[in-house]
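Next come the chains, spelled out residue by residue.
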Amino acid sequence: MTAINQKKSIKLDSSINQILTKSVVNKSTKVDIEEVLQQHLLPKFGERFKQYRKKYINFLADSEHKHLPDYPISVILELVNRCNLECTFCYQGYRNDAEKKTLSIQDLEKLFQDFKKNKLDALLLSQSEPLLYKNFDKILEMAEKAEIMDQFIFTNGVLLNEKNSKKILESSLTRLFISVDAATSETYDQVRIPVNKNALKENRLKKIEENVKNFVKLRNSMGLKIPLVRVSFIALEKNVHEVNDFIEKWIDIVDSVEVQKESSIELYDQLLDKKYDKNKLLLKKYNCNDPWGQVSVNSDGTVGPCCSTVGRNLPMGSILKNSLKEIWDGQKLNKIRQSFRDNKPNRVCQLCLENKKTNNYSGGVVSSCSEIK
(Lines give C-alpha, C1' and ligand atoms only; values in the text may rest on other atoms or scores of the structure.)
Protein backbone atom coordinates (compact mmCIF):
# COMPACT_ATOMS: atom_id res chain seq x y z
CA MET A 1 0.00 0.00 0.00
CA THR A 2 1.62 3.23 -1.08
CA ALA A 3 -1.02 5.72 -0.07
CA ILE A 4 -4.24 6.03 1.84
CA ASN A 5 -7.08 8.38 0.93
CA GLN A 6 -7.91 10.25 4.10
CA LYS A 7 -11.16 11.84 5.17
CA LYS A 8 -9.42 14.13 7.65
CA SER A 9 -6.36 16.31 7.45
CA ILE A 10 -3.30 15.10 9.29
CA LYS A 11 -1.16 17.00 11.74
CA LEU A 12 2.31 15.50 12.04
CA ASP A 13 4.37 15.65 15.20
CA SER A 14 7.05 18.35 14.66
CA SER A 15 10.41 17.49 13.11
CA ILE A 16 10.68 13.92 14.35
CA ASN A 17 7.97 12.70 12.01
CA GLN A 18 9.97 13.85 9.00
CA ILE A 19 12.31 11.00 9.84
CA LEU A 20 9.76 8.35 10.79
CA THR A 21 8.86 7.18 7.30
CA LYS A 22 10.18 3.65 6.98
CA SER A 23 7.52 1.65 8.73
CA VAL A 24 4.60 3.98 9.27
CA VAL A 25 2.11 4.23 6.42
CA ASN A 26 0.03 6.92 8.04
CA LYS A 27 0.05 8.86 11.28
CA SER A 28 -2.85 11.08 12.28
CA THR A 29 -2.79 13.21 15.42
CA LYS A 30 -5.05 15.70 17.08
CA VAL A 31 -2.38 17.02 19.46
CA ASP A 32 1.25 18.01 19.07
CA ILE A 33 2.93 15.02 20.68
CA GLU A 34 6.29 16.68 21.16
CA GLU A 35 4.70 19.78 22.65
CA VAL A 36 2.72 17.75 25.19
CA LEU A 37 5.83 15.77 26.16
CA GLN A 38 7.82 18.95 26.52
CA GLN A 39 5.17 20.62 28.67
CA HIS A 40 5.04 17.59 30.94
CA LEU A 41 8.67 16.49 31.12
CA LEU A 42 10.74 19.65 30.68
CA PRO A 43 9.72 21.19 34.04
CA LYS A 44 10.46 17.87 35.74
CA PHE A 45 13.75 16.95 34.08
CA GLY A 46 15.02 20.18 32.55
CA GLU A 47 18.13 19.95 30.38
CA ARG A 48 18.16 16.16 30.63
CA PHE A 49 14.89 15.99 28.69
CA LYS A 50 16.27 18.28 25.96
CA GLN A 51 19.34 16.08 25.61
CA TYR A 52 17.13 12.99 25.39
CA ARG A 53 15.16 14.31 22.43
CA LYS A 54 18.36 15.53 20.77
CA LYS A 55 20.00 12.12 21.21
CA TYR A 56 16.91 10.41 19.86
CA ILE A 57 16.75 12.50 16.69
CA ASN A 58 20.49 12.09 16.14
CA PHE A 59 20.13 8.34 16.60
CA LEU A 60 17.48 8.11 13.88
CA ALA A 61 19.43 10.26 11.44
CA ASP A 62 22.92 8.88 12.13
CA SER A 63 23.31 6.61 9.11
CA GLU A 64 27.11 6.85 9.36
CA HIS A 65 27.07 5.81 13.03
CA LYS A 66 29.17 8.64 14.35
CA HIS A 67 27.43 8.77 17.72
CA LEU A 68 27.29 5.98 20.28
CA PRO A 69 25.66 7.00 23.56
CA ASP A 70 27.14 5.76 26.82
CA TYR A 71 23.96 3.80 27.49
CA PRO A 72 20.93 2.78 25.43
CA ILE A 73 18.52 5.63 24.77
CA SER A 74 15.63 3.20 25.08
CA VAL A 75 15.17 -0.30 26.46
CA ILE A 76 12.39 -2.61 25.32
CA LEU A 77 11.44 -4.80 28.27
CA GLU A 78 9.49 -8.05 28.09
CA LEU A 79 8.15 -8.98 31.52
CA VAL A 80 6.62 -12.34 30.61
CA ASN A 81 6.59 -14.19 27.27
CA ARG A 82 2.84 -14.62 27.16
CA CYS A 83 -0.12 -12.98 25.44
CA ASN A 84 -3.86 -13.52 25.73
CA LEU A 85 -4.03 -13.31 21.93
CA GLU A 86 -2.33 -15.40 19.25
CA CYS A 87 -2.62 -13.18 16.20
CA THR A 88 -1.65 -14.78 12.90
CA PHE A 89 0.76 -11.95 12.04
CA CYS A 90 2.62 -12.31 15.35
CA TYR A 91 5.23 -15.04 15.67
CA GLN A 92 4.38 -17.33 18.60
CA GLY A 93 7.58 -19.36 18.68
CA TYR A 94 9.10 -17.21 21.39
CA ARG A 95 5.86 -16.52 23.23
CA ASN A 96 2.77 -18.68 23.76
CA ASP A 97 4.34 -21.72 22.08
CA ALA A 98 7.50 -21.49 24.18
CA GLU A 99 8.28 -22.45 27.77
CA LYS A 100 6.97 -19.74 30.05
CA LYS A 101 9.60 -17.26 31.21
CA THR A 102 9.05 -14.44 33.67
CA LEU A 103 11.46 -11.87 35.08
CA SER A 104 11.39 -11.90 38.86
CA ILE A 105 10.94 -8.78 40.93
CA GLN A 106 14.43 -9.30 42.35
CA ASP A 107 16.05 -9.41 38.91
CA LEU A 108 14.02 -6.41 37.82
CA GLU A 109 15.09 -4.43 40.88
CA LYS A 110 18.74 -4.96 39.91
CA LEU A 111 17.95 -3.96 36.33
CA PHE A 112 16.20 -0.77 37.39
CA GLN A 113 19.11 0.12 39.64
CA ASP A 114 21.25 -0.06 36.51
CA PHE A 115 18.69 2.14 34.70
CA LYS A 116 18.85 4.77 37.43
CA LYS A 117 22.63 4.71 37.71
CA ASN A 118 23.04 5.23 33.96
CA LYS A 119 20.05 7.59 33.52
CA LEU A 120 17.96 5.58 31.08
CA ASP A 121 15.82 7.94 29.00
CA ALA A 122 13.02 5.69 27.73
CA LEU A 123 11.49 2.36 28.73
CA LEU A 124 9.07 0.41 26.51
CA LEU A 125 7.07 -2.38 28.15
CA SER A 126 6.42 -4.44 25.07
CA GLN A 127 7.20 -7.63 23.11
CA SER A 128 4.43 -9.66 24.80
CA GLU A 129 1.39 -8.44 26.78
CA PRO A 130 2.74 -6.44 29.76
CA LEU A 131 -0.60 -6.26 31.56
CA LEU A 132 -0.42 -10.05 32.04
CA TYR A 133 2.50 -9.53 34.43
CA LYS A 134 1.09 -9.99 37.90
CA ASN A 135 2.84 -6.96 39.40
CA PHE A 136 2.97 -4.65 36.39
CA ASP A 137 2.08 -1.68 38.62
CA LYS A 138 5.21 -2.36 40.68
CA ILE A 139 7.23 -2.10 37.48
CA LEU A 140 5.72 1.34 36.89
CA GLU A 141 6.70 2.29 40.44
CA MET A 142 10.25 1.12 39.74
CA ALA A 143 10.35 3.18 36.55
CA GLU A 144 9.33 6.30 38.43
CA LYS A 145 11.89 5.72 41.19
CA ALA A 146 14.55 5.10 38.53
CA GLU A 147 13.68 8.53 37.09
CA ILE A 148 13.06 7.17 33.60
CA MET A 149 11.60 10.10 31.67
CA ASP A 150 9.63 8.52 28.83
CA GLN A 151 7.70 5.35 29.73
CA PHE A 152 5.58 3.32 27.30
CA ILE A 153 3.14 0.44 27.56
CA PHE A 154 2.25 -1.48 24.39
CA THR A 155 -0.94 -3.46 24.98
CA ASN A 156 -3.79 -5.14 23.11
CA GLY A 157 -6.22 -3.44 25.48
CA VAL A 158 -8.01 -6.61 26.61
CA LEU A 159 -6.95 -6.04 30.23
CA LEU A 160 -7.30 -2.27 30.16
CA ASN A 161 -10.14 -2.39 32.69
CA GLU A 162 -10.96 0.28 35.25
CA LYS A 163 -8.66 -1.19 37.90
CA ASN A 164 -5.64 -1.33 35.60
CA SER A 165 -6.48 2.06 34.10
CA LYS A 166 -6.33 3.64 37.54
CA LYS A 167 -2.98 1.97 38.24
CA ILE A 168 -1.60 3.42 35.02
CA LEU A 169 -3.01 6.89 35.65
CA GLU A 170 -1.51 6.91 39.14
CA SER A 171 1.92 6.20 37.66
CA SER A 172 4.39 8.32 35.71
CA LEU A 173 3.67 6.53 32.40
CA THR A 174 3.92 8.93 29.47
CA ARG A 175 2.48 6.86 26.58
CA LEU A 176 -0.11 4.13 26.25
CA PHE A 177 -0.17 2.40 22.86
CA ILE A 178 -3.08 0.05 22.08
CA SER A 179 -3.03 -2.29 19.07
CA VAL A 180 -6.53 -2.72 17.63
CA ASP A 181 -6.11 -3.46 13.90
CA ALA A 182 -9.79 -3.43 12.89
CA ALA A 183 -12.81 -1.19 12.56
CA THR A 184 -15.44 -3.94 12.74
CA SER A 185 -15.88 -6.90 15.08
CA GLU A 186 -15.92 -9.35 12.15
CA THR A 187 -12.49 -8.26 10.99
CA TYR A 188 -11.17 -8.02 14.55
CA ASP A 189 -12.00 -11.69 15.10
CA GLN A 190 -10.07 -12.60 11.95
CA VAL A 191 -6.86 -10.74 12.76
CA ARG A 192 -6.76 -10.74 16.59
CA ILE A 193 -7.34 -14.34 17.62
CA PRO A 194 -7.97 -15.01 21.34
CA VAL A 195 -6.16 -17.82 23.14
CA ASN A 196 -9.48 -18.70 24.77
CA LYS A 197 -11.69 -19.44 21.76
CA ASN A 198 -14.83 -19.09 23.89
CA ALA A 199 -14.16 -15.36 23.77
CA LEU A 200 -15.15 -15.42 20.09
CA LYS A 201 -18.77 -15.68 21.22
CA GLU A 202 -18.54 -12.12 22.55
CA ASN A 203 -18.19 -8.74 20.83
CA ARG A 204 -14.56 -8.40 21.78
CA LEU A 205 -13.88 -5.28 19.71
CA LYS A 206 -16.69 -3.40 21.42
CA LYS A 207 -15.14 -4.21 24.79
CA ILE A 208 -11.69 -3.04 23.66
CA GLU A 209 -13.15 0.18 22.33
CA GLU A 210 -14.97 0.75 25.61
CA ASN A 211 -11.74 0.16 27.53
CA VAL A 212 -9.87 2.75 25.49
CA LYS A 213 -12.65 5.32 25.59
CA ASN A 214 -13.10 4.88 29.34
CA PHE A 215 -9.36 5.27 29.88
CA VAL A 216 -9.28 8.55 27.94
CA LYS A 217 -12.41 9.77 29.74
CA LEU A 218 -10.90 8.96 33.14
CA ARG A 219 -7.59 10.60 32.22
CA ASN A 220 -9.33 13.76 31.04
CA SER A 221 -11.55 13.88 34.14
CA MET A 222 -8.37 13.96 36.23
CA GLY A 223 -7.13 16.97 34.27
CA LEU A 224 -4.27 15.00 32.74
CA LYS A 225 -2.77 15.04 29.24
CA ILE A 226 -0.36 12.22 30.04
CA PRO A 227 -0.15 9.39 29.22
CA LEU A 228 -0.66 10.12 25.56
CA VAL A 229 -2.93 7.51 24.00
CA ARG A 230 -2.36 6.00 20.57
CA VAL A 231 -4.30 3.29 18.77
CA SER A 232 -2.63 1.42 15.93
CA PHE A 233 -3.61 -0.64 12.90
CA ILE A 234 -1.31 -3.11 11.15
CA ALA A 235 -2.34 -3.19 7.49
CA LEU A 236 -3.04 -6.76 6.36
CA GLU A 237 -4.88 -8.25 3.43
CA LYS A 238 -7.77 -9.11 5.76
CA ASN A 239 -8.23 -5.63 7.18
CA VAL A 240 -6.77 -3.07 4.78
CA HIS A 241 -10.23 -2.18 3.46
CA GLU A 242 -11.02 -0.72 6.91
CA VAL A 243 -8.09 1.69 7.19
CA ASN A 244 -10.05 4.86 6.51
CA ASP A 245 -12.93 3.79 8.75
CA PHE A 246 -10.44 3.05 11.51
CA ILE A 247 -8.85 6.50 11.30
CA GLU A 248 -12.25 8.16 11.16
CA LYS A 249 -13.47 6.19 14.18
CA TRP A 250 -10.57 7.10 16.43
CA ILE A 251 -9.07 10.44 15.41
CA ASP A 252 -11.39 12.52 17.59
CA ILE A 253 -11.08 10.19 20.59
CA VAL A 254 -7.39 9.44 21.14
CA ASP A 255 -4.27 11.56 20.74
CA SER A 256 -2.94 9.75 17.69
CA VAL A 257 -3.82 7.01 15.22
CA GLU A 258 -1.14 5.07 13.41
CA VAL A 259 -1.29 2.69 10.46
CA GLN A 260 1.73 0.43 10.17
CA LYS A 261 3.04 -2.14 7.72
CA GLU A 262 2.83 -5.84 8.39
CA SER A 263 5.80 -7.71 9.81
CA SER A 264 6.14 -10.99 7.95
CA ILE A 265 6.66 -14.06 10.13
CA GLU A 266 8.07 -16.12 7.26
CA LEU A 267 11.50 -14.75 8.09
CA TYR A 268 11.54 -16.56 11.43
CA ASP A 269 10.93 -19.90 9.76
CA GLN A 270 13.81 -19.19 7.39
CA LEU A 271 16.09 -18.43 10.29
CA LEU A 272 15.10 -21.46 12.33
CA ASP A 273 15.25 -23.84 9.36
CA LYS A 274 18.41 -22.19 8.04
CA LYS A 275 16.86 -22.21 4.58
CA TYR A 276 17.37 -19.13 2.47
CA ASP A 277 18.53 -18.55 -1.08
CA LYS A 278 21.59 -16.31 -1.23
CA ASN A 279 20.85 -15.67 -4.90
CA LYS A 280 17.66 -13.87 -3.91
CA LEU A 281 19.44 -11.30 -1.73
CA LEU A 282 18.72 -7.82 -3.12
CA LEU A 283 20.56 -5.33 -0.98
CA LYS A 284 24.06 -4.11 -1.68
CA LYS A 285 24.23 -1.97 1.44
CA TYR A 286 23.05 -3.16 4.83
CA ASN A 287 22.40 -0.63 7.54
CA CYS A 288 20.52 -0.58 10.83
CA ASN A 289 20.69 2.08 13.54
CA ASP A 290 19.18 0.03 16.32
CA PRO A 291 22.41 -1.25 17.95
CA TRP A 292 23.43 2.38 18.47
CA GLY A 293 20.36 3.37 20.44
CA GLN A 294 18.36 0.55 21.96
CA VAL A 295 18.31 -3.03 23.21
CA SER A 296 15.63 -5.52 24.21
CA VAL A 297 15.59 -7.36 27.50
CA ASN A 298 13.62 -10.58 27.12
CA SER A 299 11.66 -12.37 29.83
CA ASP A 300 14.40 -14.97 30.25
CA GLY A 301 16.95 -12.23 30.92
CA THR A 302 18.69 -12.38 27.54
CA VAL A 303 19.46 -9.11 25.78
CA GLY A 304 18.94 -8.59 22.06
CA PRO A 305 20.32 -5.78 19.85
CA CYS A 306 16.90 -4.51 18.68
CA CYS A 307 13.17 -4.77 19.36
CA SER A 308 12.49 -7.02 16.38
CA THR A 309 11.50 -10.54 17.41
CA VAL A 310 14.19 -11.83 15.11
CA GLY A 311 16.74 -10.20 17.39
CA ARG A 312 16.17 -13.01 19.88
CA ASN A 313 18.42 -15.07 17.63
CA LEU A 314 21.32 -12.77 18.54
CA PRO A 315 21.70 -12.84 22.33
CA MET A 316 24.21 -10.24 23.47
CA GLY A 317 24.29 -11.43 27.07
CA SER A 318 21.98 -11.78 30.04
CA ILE A 319 21.00 -9.36 32.79
CA LEU A 320 20.98 -12.37 35.12
CA LYS A 321 24.77 -12.49 34.75
CA ASN A 322 25.90 -8.98 33.83
CA SER A 323 24.71 -5.41 34.11
CA LEU A 324 23.06 -3.89 31.07
CA LYS A 325 25.86 -1.33 30.96
CA GLU A 326 28.42 -4.14 30.63
CA ILE A 327 26.40 -5.73 27.85
CA TRP A 328 26.00 -2.36 26.04
CA ASP A 329 29.78 -1.87 26.08
CA GLY A 330 30.51 -5.54 25.48
CA GLN A 331 32.29 -7.34 22.68
CA LYS A 332 29.19 -9.01 21.18
CA LEU A 333 27.23 -5.80 20.66
CA ASN A 334 30.30 -3.97 19.37
CA LYS A 335 30.79 -6.80 16.88
CA ILE A 336 27.24 -6.24 15.60
CA ARG A 337 27.95 -2.52 15.20
CA GLN A 338 31.22 -3.16 13.37
CA SER A 339 29.54 -5.62 11.01
CA PHE A 340 27.31 -2.80 9.75
CA ARG A 341 30.25 -0.42 9.40
CA ASP A 342 31.94 -3.10 7.27
CA ASN A 343 28.69 -3.88 5.41
CA LYS A 344 29.05 -7.52 6.46
CA PRO A 345 26.15 -8.18 8.83
CA ASN A 346 25.46 -11.61 10.27
CA ARG A 347 22.80 -13.81 8.70
CA VAL A 348 20.07 -12.75 11.14
CA CYS A 349 20.51 -9.03 10.51
CA GLN A 350 20.96 -9.61 6.79
CA LEU A 351 17.72 -11.53 6.40
CA CYS A 352 15.85 -9.06 8.58
CA LEU A 353 16.88 -6.18 6.33
CA GLU A 354 16.20 -8.19 3.17
CA ASN A 355 12.73 -8.89 4.53
CA LYS A 356 12.08 -5.17 4.92
CA LYS A 357 13.22 -4.61 1.35
CA THR A 358 10.93 -7.20 -0.21
CA ASN A 359 7.83 -6.64 1.94
CA ASN A 360 6.01 -3.67 0.47
CA TYR A 361 2.43 -3.24 1.76
CA SER A 362 1.41 -6.84 2.03
CA GLY A 363 4.65 -7.49 3.77
CA GLY A 364 6.72 -4.65 4.95
CA VAL A 365 8.23 -4.61 8.40
CA VAL A 366 7.92 -2.25 11.30
CA SER A 367 11.65 -2.16 11.51
CA SER A 368 12.14 -0.96 15.04
CA CYS A 369 10.45 0.35 18.12
CA SER A 370 12.43 3.55 17.58
CA GLU A 371 10.31 4.24 14.53
CA ILE A 372 7.00 4.21 16.32
CA LYS A 373 7.78 6.73 18.94
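Cut-offs applied
- Residues numbered from 1 in each chain as written.
- Predicted model: local features only at pLDDT ≥ 70, side-chain atom pairs only at ≥ 80, totals over all residues.
- Heavy atoms only, no water.
- Salt bridge = Lys/Arg side-chain N within 4 Å of Asp/Glu carboxyl O.
- Helix = DSSP H or I, 4+ residues; strand = E, 2+ residues; numbered from the N terminus.
- Buried < 20%, exposed > 50% of the residue type's maximum accessible area, 1.4 Å probe, protein only.
- Pairing = 2+ DSSP bridges.
- Right-handed = clockwise from strand over helix to strand, strands pointing away.
- Expected span 1.5 Å × (residues − 1).
- Bend = angle between axes of the 7 residues up to and from the residue.
- Polar contact = N/O pair within 3.5 Å; in protein donor to acceptor, adjacent residues only side chain to side chain.
- Arc of directions from axis to C-beta.

## Things to note about the pattern of salt bridges
Then comes step 1: For the structure shown, the criterion picks out 14 salt bridges.
Then comes step 2: Two residues, K55 and D121, come together in a salt bridge whose shortest N-O distance is 2.7 Å. In this pair, K55 is assigned in helix α2 (residues 47–61) and D121 in the loop between α3 (105–117) and β3 (122–125), connecting sequence segments 66 residues apart.

## Considering the pairing of β3
Then comes step 1: Here β3 shows a buried face lined by A122 and L124 and a second buried face lined by L123 and L125.
Then comes step 2: Two elements, strand β2 (residues 74–77) and β3, share four bridges in a ladder whose sense is parallel. Across the sheet, V75 pairs through a bridge with L123, a residue of β3.
Then comes step 3: Here β3 runs beside strand β4 (residues 150–155); their pairing, made up of four bridges, is parallel. Within the sheet, the bridge partner assigned to L125 lies in β4 and is I153.
Then comes step 4: Between the parallel pair β3 and β4, the chain is carried across by helix α4 (residues 136–145), and the sense of this crossover is right-handed.

## Concerning helix α1 (residues 33–45)
Then comes step 1: In this model, α1 (13 residues) spans 17 Å end to end at C-alpha, consistent with the 18 Å of a helix rising 1.5 Å per residue.
Then comes step 2: Maximum bend of α1: about 30°, positioned at Q39, with proline P43 one to four residues after it.
Then comes step 3: When α1 is considered as a whole, its buried residues turn out to be I33, E34, V36, L37, L41 and F45.
Then comes step 4: Put simply, D32 is the residue that caps the front of α1, since its side-chain oxygen is 3.2 Å from the backbone nitrogen of E34.

## Remarks on the pairing of strand β8 (residues 294–297)
Then comes step 1: Going residue by residue along β8, you find Q294 and S296 tucked away on one face and V295 and V297 tucked away on the opposite face as well.
Then comes step 2: When β2 meets β8, the two strands line up parallel, connected through four bridges. Across the sheet, the residue bridging to S74 is Q294, located in β8.
Then comes step 3: Relative to strand β9 (residues 302–304), β8 runs antiparallel, the two sharing two bridges. Within β9, the position partnered with V297 by the bridge is V303.
Then comes step 4: Taken together, β8 and the strand that follows it, β9, pair antiparallel across an intervening segment of four residues, in which G301 is found at a positive phi of about 95°.

## Side note on helix α8 (residues 243–250)
Then comes step 1: Taken together, the buried positions of α8 are V243, F246, I247 and W250. Buried residues in α8, looked at end-on, bunch into an arc of 95°, giving them a common side.

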